[in-house]
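Breakdown of the fold
Listed below, chain by chain, are the residues.
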Amino acid sequence: MSKSSKLKKTLLDTEKQVRKISVKHNKDLWRAYNLVGKVIYTLVDLSSREPTNITESTSNRVSLTANMIQSYSLVEYLISSGSYWAASAVLRQHMETLARIIEYRTGNNKQDKKPPNVKNLPFNMTRNYGRLSQLCHTSGGEVLNDFSISEAGEGIASPVPIFREEWAEIYFSLHIAHMLSLAIEIFYLHKELYPDTELIDIDRDTMRIARILVKTGFWKDFKKSKS
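Reference entry: report on the structure contained in this document. Everything quoted here is computed from the prediction, not taken from an experiment.

A tally of helices and strands in the chain yields nine helices and zero strands. For the chain, the sequential pattern of α-helices and β-strands runs α-α-α-α-α-α-α-α-α. Residues counted as buried form 46% of the 227 residues belonging to the chain. Here the contacts in the chain between residues at least 6 apart in sequence split such that 75% fall between residues at least 24 apart. Surface summary for the chain: the accessible area is close to 12900 Å², and the carbon and sulfur share equals 52%.

Let us now look at unusual backbone geometry. Of note, Asn26 is a non-glycine position whose phi angle comes to about 50°, a positive value. With phi around 60°, Asn124 is a residue other than glycine that occupies positive phi space. When you line up the elements, Asn124 lands in the loop between helix H5 (84–106) and helix H6 (129–136).

This next bit is on empty space enclosed by the protein. Where empty space is left can be seen by rolling a probe of water-molecule size over the atoms. As enumerated under the stated definition, the model contains one cavity of 30 Å³ or more in all. Considering only enclosed or pocket space, the largest cavity measures out at about 90 Å³ in volume. Secondary-structure elements contributing two or more residues to the lining of the largest cavity are helix H2 (27–46), helix H4 (72–80) and helix H8 (165–193). Tallying contributions element by element places H8 first for the lining of the largest cavity, with three residues.

If you check helix H1 (residues 6–24), its first and last C-alpha atoms are 28 Å apart, about what 19 residues at 1.5 Å a residue would give, namely 27 Å. Three or more residues of H1 are buried, namely Thr14, Glu15, Val18 and Ser22. All buried residues of H1 project into a common sector of 110° when viewed along the axis, lining one side. Along H1, exposed side chains directed more than 90 degrees from the buried face belong to Lys6, Lys9, Lys16 and Lys24. Taken together, the buried residues of H1 touch H2 and H4. A positive phi of about 50° marks Asn26, the residue just after H1.

About the cut-offs
Residues numbered from 1 in each chain as written. Predicted model: local features only at pLDDT ≥ 70, side-chain atom pairs only at ≥ 80, totals over all residues. Heavy atoms only, no water. Helix = DSSP H or I, 4+ residues; strand = E, 2+ residues; numbered from the N terminus. Buried < 20%, exposed > 50% of the residue type's maximum accessible area, 1.4 Å probe, protein only. Contact = heavy atoms within 4.5 Å. Areas by Shrake-Rupley, 256 points an atom, 1.4 Å probe, with all protein chains shown as cover. 1 Å grid on protein atoms, 1.4 Å probe; cavity = no way out; pocket = protein on both sides within 12 Å on 5 of 7 lines; lining within 4 Å. Points joined across faces, edges and corners; volume = space filled by probe spheres on them. Expected span 1.5 Å × (residues − 1). Arc of directions from axis to C-beta.

Purely spatial values, then, with no claim about function.
Listed below in structure tokens is the structure:
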């Protein structure tokens, strides 16, 4: 195996330092993140059973759900390592994927070739989509400057990640909200796939996660959307 370039080694070493700070920061959000992971894992474990009712809608939702779960830890790593700009692209992708899952569930996916309507997202998450799109399209220059400005002084850009408390909290909270929404969608999916099976009650853990997001100020309140 070839040795890593100096650039890669420098970035990895810096990411490790940023991650140490991130892990120590805002224990409430880390508790919510681990809890939502536990909920999703429990739901996925149920998915190992043979479904009794498969439709085009459920098949598409299973595929989209699996892809979101695969990036569960990747998004966290990008955020906690200080790669906020890169994280914004995946967070935006998650929003669109969730919106598509909801469209399939509600039967509103009339034209798959069109982008999903993020207005269907629960918990007022749509408000974050515009800013994420600006970042992905590099049209939010003032925000991109926030990601790269160096601690050495104004006008100097940092080529390595730096822990930025505000963005770390916003992005981590958004990631948790996405995963919480996904867990709820998996529950709805299981109601269709296993109509004769007693399902796991996720309400208690859902409320615990939601209360943390309210406590940290990311949400003003929490009202679970109806299926």
